[in-house]
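An overview of the molecular structure
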Amino acid sequence: MSKGLKIGLGIILLGLGIVILVSLSTEGRFFYIDETQFTYHEVTYDYDEFAEIKLGFSNRSVKVLPSDTNEFKLVYYVHERETHTESTDNNRLELKIEMKWYNSFFTISSFSNQNYYLVEMYVPQEDIKYNLDIGTSNGAINIDDLSVFEKIQLTSSNGELALKNINSPIIDLKTSNGRIDLNNVTSTTNIKGVTSNGRVNLQDVTSPDMNFTTSNGRIIGNNLNCNNLRLVSSNGDIEANVIGVSETYRVRLSTSNGDKIYNGIKVSQSDFNTDQSNYINISSSNGNVSLSFIN
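My aim in this report is to walk through the structure given alongside it, one point at a time. (Residues numbered from 1 in each chain as written. Predicted model: local features only at pLDDT ≥ 70, side-chain atom pairs only at ≥ 80, totals over all residues. Heavy atoms only, no water.)

1. Digging into the layout of surface pockets
We apply this condition: With a 1 Å grid laid over protein atoms only, a set of points is called a cavity when a 1.4 Å probe fits there but cannot get out and a pocket when it is open yet has protein on both sides within 12 Å along at least five of seven lines; lining residues have an atom within 4 Å of a point. Grid points are joined across faces, edges and corners, and a volume is the space filled by probe spheres set on the points. By definition, any uninterrupted DSSP run of H or I lasting at least four residues is a helix, any uninterrupted run of E lasting at least two residues is a strand, and each is numbered from the N terminus. The nonpolar class holds Ala, Val, Leu, Ile, Met, Phe, Trp, Tyr, Cys and Pro. Asp, Glu, Lys and Arg form the charged class, and all remaining residues, Gly among them, are polar.
Considering only enclosed or pocket space, the second largest pocket measures out at about 160 Å³ in volume. Taken together, 13 residues form the lining of the second largest pocket, with R60, S61, Q114, Y117 and L118 sitting closest to its centre. Among the elements that take part in the lining of the second largest pocket, strand β3 (residues 61-66) stands out by supplying 3 residues, more than any other. Considering only residue class, the lining of the second largest pocket consists of 3 nonpolar, 8 polar and 2 charged.

Shown next, in the form of structure tokens:
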């Protein structure tokens, strides 16, 4: 056995020994989360009490759903080791739930009831437009069946971003490790989506401008209605079908290692209809790229 391998094995055994000793000293509760340390919160607001919504979390997933009343409601839990701030100052609803790194090291959410790590927000369907900004360090964000947001901005460092039956002028999505999933989404201005490690699924999406990028994943777009479209993957296939007439779009298909397919036909050229103003750019550094049109 080499010296380096012996040292590595020794470090692993030492770490295992420390974990066993700590577990024994805590009567086997090292990975145990005391659920009585969570406090339930349910808060309601008048629908016109604010116009901006800013939520920031550590280790939380978020669901945004329609309210069945004209009140705005937040439902969530807070652990006693977490800091928790909530306010409605300056026409903005703000909620933050955070945990210090040295506490999170000994509090492992995967060993707990996941309902404690879910924030639910119920939004009234009144004649008002909100600006929505949600960020979470470890969790998914889902928004369903709402058309009351002037702008949607979602950020997750490790989780899926999913929108279904949504109408908003501006949509901006970023996740460092998760998929992006849009189903029946409409924007009157633009939609942007970026993931560093995840798949992008687009179904029945409408916007003048769409821009989606993934560094490691496939992009699938069905029934896309747009003037300008940009789909980029550094490592994955891209398939898109666009509602429109092919001759009215300037098209560029590019791949370093894969096939280019235009309206069901494998092609060698990259550029089509270069005199048109509407633009579609589909690019993969390692995958097939396919574009078709639905008249």
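2. Re the pattern of salt bridges
Formally: The term salt bridge refers to a side-chain nitrogen of Lys or Arg lying within 4 Å of a carboxyl oxygen of Asp or Glu. A simple rule labels every residue: compare its accessible area, found with a 1.4 Å probe on the protein chains alone, to the largest value its type can have, and call it buried under 20%, exposed over 50%, or partly exposed in between.
Following the criterion strictly, the structure yields 9 salt bridges and no others. Of the charged contacts in the structure, one is a salt bridge between K54 and D133, with a shortest N-O distance of 3.2 Å. Here K54 is found in strand β2 (residues 52-57), whereas its partner D133 is found in strand β8 (residues 130-136), with 79 residues between them in sequence. Of the residues examined, K54 reaches a relative accessible area of 29% and is grouped as partly exposed. The shortest N-O distance in the salt bridge between R179 and E160 comes to 3.8 Å. In this pair, R179 sits in the loop between β12 (170-175) and β13 (180-186) while E160 sits in the loop between β10 (149-156) and β11 (161-167), placing the two residues 19 residues apart along the sequence. Judged by its relative accessible area of 26%, E160 falls in the partly exposed class.

3. A closer look at the environment of S187
Formally: Pairs of residues are marked as contacts when any of their non-hydrogen atoms sit within 4.5 Å. We call two N or O atoms a polar contact when they sit within 3.5 Å, provided that within protein one can donate a hydrogen and the other can accept it, with sequence-adjacent residues counted only if both atoms are side-chain atoms.
Within the secondary structure, S187 sits in the loop between β13 and β14 (190-195). Separated by 23 residues in sequence, S187 and M210 have C-alpha atoms that sit 9.3 Å apart. Contact partners of S187, with chain neighbours within four places excluded, come to S168, P169, I170, I171, T206, S207 and P208. Among the polar contacts made by the side chain of S187, one reaches the main-chain carbonyl oxygen of P169 at a distance of 2.4 Å.

It is worth stressing that arrangement in space is one thing and function is another; only the former is reported here.
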